[in-house]
Every structure is written in structure tokens, then in C-alpha cells.
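Now for the letters of each chain:
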Amino acid sequence: MKIKYNARNVGAAALGCAMIAGTVCAGEETVSPSIASLTNMQEAAIPSTDADWAFSFSAGWSSKYVTEGLDCLPGSGIWEVAPSISWKNLTFSAWYAGGDSANYDELDLVLGYAWNLGKWTVNPWYEHQFYFTQDYNVANPALTVSYAVTDWLAVGAETQVKVEHQDFEAYYSAFVRLEWSPWKM
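What this report covers is the structure whose coordinates are included nearby. Computed from a predicted structure; not experimentally measured.

**Considering the packing of aromatic side chains**
Per the stated rule, a full pass over the model turns up 9 aromatic pairs. Between Tyr113 and Trp115 the ring centres are 4.8 Å apart and the planes differ by 65°, which places this aromatic pair in the edge-to-face class. Since its relative accessible area comes to 42%, Trp115 is described here as partly exposed. Relative to Tyr147, the ring of Trp120 has its centre 5.0 Å away and its plane inclined at 55°; by these criteria the two rings are tilted. Separated by 27 residues along the polypeptide, Trp120 in strand β10 (residues 120-131) and Tyr147 in strand β11 (residues 136-148) bring together distant segments of the chain. Residue class for Trp120 comes out partly exposed when judged on its relative accessible area of 44%. When its relative accessible area of 29% is taken as the criterion, Tyr147 is described as partly exposed.

Below, the structure is given as C-alpha cells:
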């Protein structure tokens with residue numbers, strides 16, 4: 001599928017540029033960080049004077065695609081690209097992935113709103129999943145509530161509901177999340 005190869009090439013190119021870029025043009029000034037910064041690449045890609053806007057991009061590969069306790073692609077890894085744009089507390093993101101040795105393509109579009117209440121965050125979100133190789137899609141409303149223990153540690157709970165293959169499914173989980181940004185400016 002042409003979109004699969006285009007998305008993979010765009011993701012690989014963006015990740016490579018972010019890793020090896022030495023000089024980034026940010027508005028009128030030229031910034032030369034000692035370590036290439038994905039944050040600076042993002043600021044250069046979408047210049048904005050409004051601090052309420054944010055953009056992020058990630059790309060990656062995993063040796064297995066395990067979700068909700070299931071190995072979704074036995075014997076295959078998965079590659080992924082995920083751009084995201086936020087305005088204040090509203091976020092729109094996309095996650096596109098494909099199997100590296102299996103015939104699999106998935107696109108997830110997510111719209112969420114996060115209320116920050118001190119150290120608490122309440123985040124209702126909606127995800128729509130499109131499976132191109134299986135020719136169906138899934139609506140997935142969800143709610144995540146978390147508490148920031150420190151600036152790098154959060155704990156919380158999440159619940160999701162969806163109808164997949166005409167079966168109603170609901171998931172819940174408790175989590176501990178560590179966050180680290182190696183290129184934080």
C-alpha cells in the first residue's frame with residue numbers, strides 16, 4: 001500500500017533529521033544546540049508566537065505489537081509514526097503503524113481534552129481506529145485520571161469502552177508512568 005511506504009519514509013526522515021540536525025532556524029534567530037533537539041526541530045517546523053500551541057512527532061519500532069494482553073502480530077514487529085498538535089488543553093493526534101513482516105496497517109485518530117487541577121489531570125478522550133488490512137474500524141471513548149507524584153512520576157487509572165467485531169468490550173487499568181525527556185531545554 002503506497003501510504004504505508006510514504007508514512008514509513010516520512011517518519012524515518014523526520015526522526016533522522018531530528019537526531020542529526022546541528023543547526024535549527026527558529027524564527028529570526030539561528031540556534032546551535034550542542035545536542036540535536038527534537039523540541040527545536042518541532043518549533044522550527046511550526047513557528048508560532050502563541051505559547052498555547054504545541055506540536056510533537058514520534059517514530060519508532062517494536063519487536064512485538066502487544067496490546068490489551070494480546071500479541072496482535074505473532075512473529076512480526078511493528079513500526080509507527082505519531083504526529084500530535086495541541087492548543088491549550090485540546091490535543092489531536094494520529095498514530096499510523098504497520099507490521100514489518102506481516103500484512104497490517106492501522107491508523108488511530110485521537111481527540112482529547114486535559115483538565116489540569118493542581119497535581120491531578122482528568123483527560124476524557126476519543127479514539128477512532130481504522131484497520132486497513134481487516135477492513136473495519138472501531139470507536140473507542142476513554143477516560144484517564146492521573147496524579148503527578150513528581151515532575152517525572154505519575155500514577156493513575158484509565159477506562160476504555162468500545163464495540164469491536166459487534167462485541168462490547170470495556171477495559172480498565174491502573175498505571176505508574178515514568179516520564180523522561182533527554183532533550184528538554
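That shown, we press on.
**A few points about the side chain of Asn140**
By the secondary structure assignment, Asn140 is in strand β11. When its relative accessible area of 0% is taken as the criterion, Asn140 is described as buried. Excluding its chain neighbours within four sequence positions, the residues that come into contact with Asn140 are Trp125, Tyr126, Glu127, Gln129, Gln160, Val161 and Lys162.

**Here we look at unusual backbone geometry**
The phi dihedral of Lys88 is positive, around 55°, even though this residue is not glycine. Tracing the backbone through its elements, the reader meets Lys88 in the loop between β6 (78-87) and β7 (90-99).

**Some remarks on the nonpolar core**
Counting residues in hydrophobic clusters, the biggest one holds 9 residues: Tyr65, Leu73, Ile78, Ala82, Trp95, Ala97, Tyr104, Tyr131 and Val138. Secondary-structure elements contributing two or more residues to this core are β6 and β7. Apart from the residues within four sequence positions on either side, Tyr104 is in contact with Tyr65, Leu73, Ile78, Ala97, Gly98, Gly99, Tyr131, Thr133 and Gln134.

**What about the pattern of salt bridges?**
Summed over the entire model, instances satisfying the criterion amount to 2 salt bridges. Across the pair Lys88 and Asp52 runs a salt bridge, and its minimum N-O distance is 3.9 Å. Of this pair, Lys88 sits in the loop between β6 and β7 while Asp52 sits in the loop between α2 (38-45) and β3 (53-62); the two residues are 36 residues apart in sequence, bridging distant segments of the chain. Assessed through its relative accessible area of 34%, Asp52 is described here as partly exposed. Between Lys64 and Asp71 there is a salt bridge, with its nearest N and O atoms 3.5 Å apart. Accessibility expressed as a relative area gives 48% for Lys64, which makes it partly exposed.

Rules of the game
- Residues numbered from 1 in each chain as written.
- Predicted model: local features only at pLDDT ≥ 70, side-chain atom pairs only at ≥ 80, totals over all residues.
- Heavy atoms only, no water.
- Phe/Tyr/Trp six-rings, centres within 6.5 Å; stacked < 30°, edge-to-face > 60°.
- Buried < 20%, exposed > 50% of the residue type's maximum accessible area, 1.4 Å probe, protein only.
- Helix = DSSP H or I, 4+ residues; strand = E, 2+ residues; numbered from the N terminus.
- Contact = heavy atoms within 4.5 Å.
- Core = buried A, V, L, I, M, F, W, Y, C linked by side-chain atoms within 4.5 Å.
- Salt bridge = Lys/Arg side-chain N within 4 Å of Asp/Glu carboxyl O.

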